[in-house]
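# Descriptive analysis of the structure
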Amino acid sequence: MILTKQSRYYLISFITAALFWLLFYFLDVEFINISFFIMAFFWHFALLAPGVREKVIVQKTRFSFLSLALKFNYYLQMFIPSQKIPFGPSVVRAISPLLFSFLLMVAGGVGNLLFTLLGSLIFEVIYLRLHRVTTQVNKDDPEIPPAIPNAENIHE
């Protein structure tokens, strides 16, 4: 049985998330910390899922949280020169879940940002191992965001 690229991506990501959730569960880590880990892990999962970016940006999903996360990441990648440092796009992708977790911690008063960092780090390590990305800076980096089309240019 040969899996497609998208199926392989989903399978490896979900198995990794489940294994780490079980590990934290059996280590008796607080539920809020597990939630921060899972949130950061799946935040990166959604940003890099094959075909999701194109579907969310092109379709008119203005009030979608996924659309907000993708566009926020797009603008971060535009304004932060991530191509100059090794693993720059990974670092930029980790900023938005950290900000969101920080806001949740301020509002709720509990939690640990280290679990957010751990979730981001583990997903990026799995993703880079899966795609065998080199540390050299590549001018044709697929993580450089595509232009967001204007609403006037999209006609359904």
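Everything numeric in this text was worked out from a predicted model, so none of it was measured.

With that out of the way, let us pick up helix H4 (residues 65-79). If you check H4, its first and last C-alpha atoms are 21 Å apart, about what 15 residues at 1.5 Å a residue would give, namely 21 Å. Tucked into the core, H4 has its buried residues touching helix H2 (31-48), helix H3 (52-58) and helix H5 (88-108).

A separate point is the environment of Tyr-127. Inspection of the secondary structure puts Tyr-127 in helix H6 (residues 113-131). Taking the C-alpha atoms as reference, Tyr-127 lies 8.5 Å from Ser-13; in sequence the two are 114 residues apart.

The next subject is H5. Between its terminal C-alpha atoms H5 stretches 31 Å, which fits the 30 Å expected from 21 residues at 1.5 Å a residue. When we look at burial in H5, the residues that qualify are Gly-88, Pro-89, Ser-90, Val-92, Arg-93, Ala-94, Ser-96, Pro-97 and Ser-101. Against H2, H4 and H6 lie the buried residues of H5. Note on H5: the residue one or two positions beyond its end, Gly-109, has a positive phi of about 85°.

This next bit is on the packing of H2 against H5. With their axes 10 Å apart at the nearest point, H2 and H5 run at an angle of 140° to one another. When the interaxial angle is binned, H2 and H5 end up oblique. Crossing geometry of H2 relative to H5 is assigned as right-handed. Residue-level inspection shows Phe-36, Met-39, Ala-40, Trp-43, His-44, Leu-47 and Leu-48 of H2 in contact with H5, the latter providing Ser-90, Arg-93, Ala-94, Ser-96, Pro-97, Phe-100, Ser-101, Leu-104 and Met-105. When the residues that make up the contact of H2 with H5 are grouped by side-chain class, the tally is 11 nonpolar, 4 polar and 1 charged.

In this section: the packing of aromatic side chains. The final tally for this structure, using the stated rule, is 22 aromatic pairs. Measuring from ring centre to ring centre gives 6.3 Å for Tyr-9 and Phe-123, while their planes differ by 85°; the resulting arrangement is edge-to-face. Linking Tyr-9 in helix H1 (residues 5-26) with Phe-123 in helix H6, this pair joins segments that are 114 residues apart in sequence. Residue Phe-123 is classed as buried on the basis of its relative accessible area of 1%. Aromatic rings pair up to connect Tyr-9, Tyr-10, Phe-14, Phe-20, Phe-24, Phe-37, Phe-41, Phe-42, Phe-45, Phe-115, Phe-123 and Tyr-127 into one cluster.

We now examine a nonpolar patch on the surface. Together, Leu-3, Leu-11, Ile-15 and Leu-19 line one region of the surface with nonpolar side chains, adding up to about 360 Å² of accessible area. Mapped onto the elements, Leu-3 comes out in the segment before H1. The exposure class of Leu-3 is partly exposed, given its relative accessible area of 36%.

Here is what the cut-offs are and how they apply
- Residues numbered from 1 in each chain as written.
- Predicted model: local features only at pLDDT ≥ 70, side-chain atom pairs only at ≥ 80, totals over all residues.
- Heavy atoms only, no water.
- Helix = DSSP H or I, 4+ residues; strand = E, 2+ residues; numbered from the N terminus.
- Expected span 1.5 Å × (residues − 1).
- Contact = heavy atoms within 4.5 Å.
- Buried < 20%, exposed > 50% of the residue type's maximum accessible area, 1.4 Å probe, protein only.
- Axes fitted to C-alpha atoms, helices over the stretch in contact; angles between N-to-C directions.
- Parallel < 35°, antiparallel > 145°, perpendicular 65-115°, else oblique.
- Left-handed = near helix turned anticlockwise from the far one by under 90°.
- Nonpolar A, V, L, I, M, F, W, Y, C, P; charged D, E, K, R; others polar.
- Phe/Tyr/Trp six-rings, centres within 6.5 Å; stacked < 30°, edge-to-face > 60°.
- Patch = residues over 30% accessible without salt bridge, like charges linked within 9 Å, V, L, I, M, F, W, Y side chains within 5 Å.
- Areas by Shrake-Rupley, 256 points an atom, 1.4 Å probe, with all protein chains shown as cover.
- Salt bridge = Lys/Arg side-chain N within 4 Å of Asp/Glu carboxyl O.

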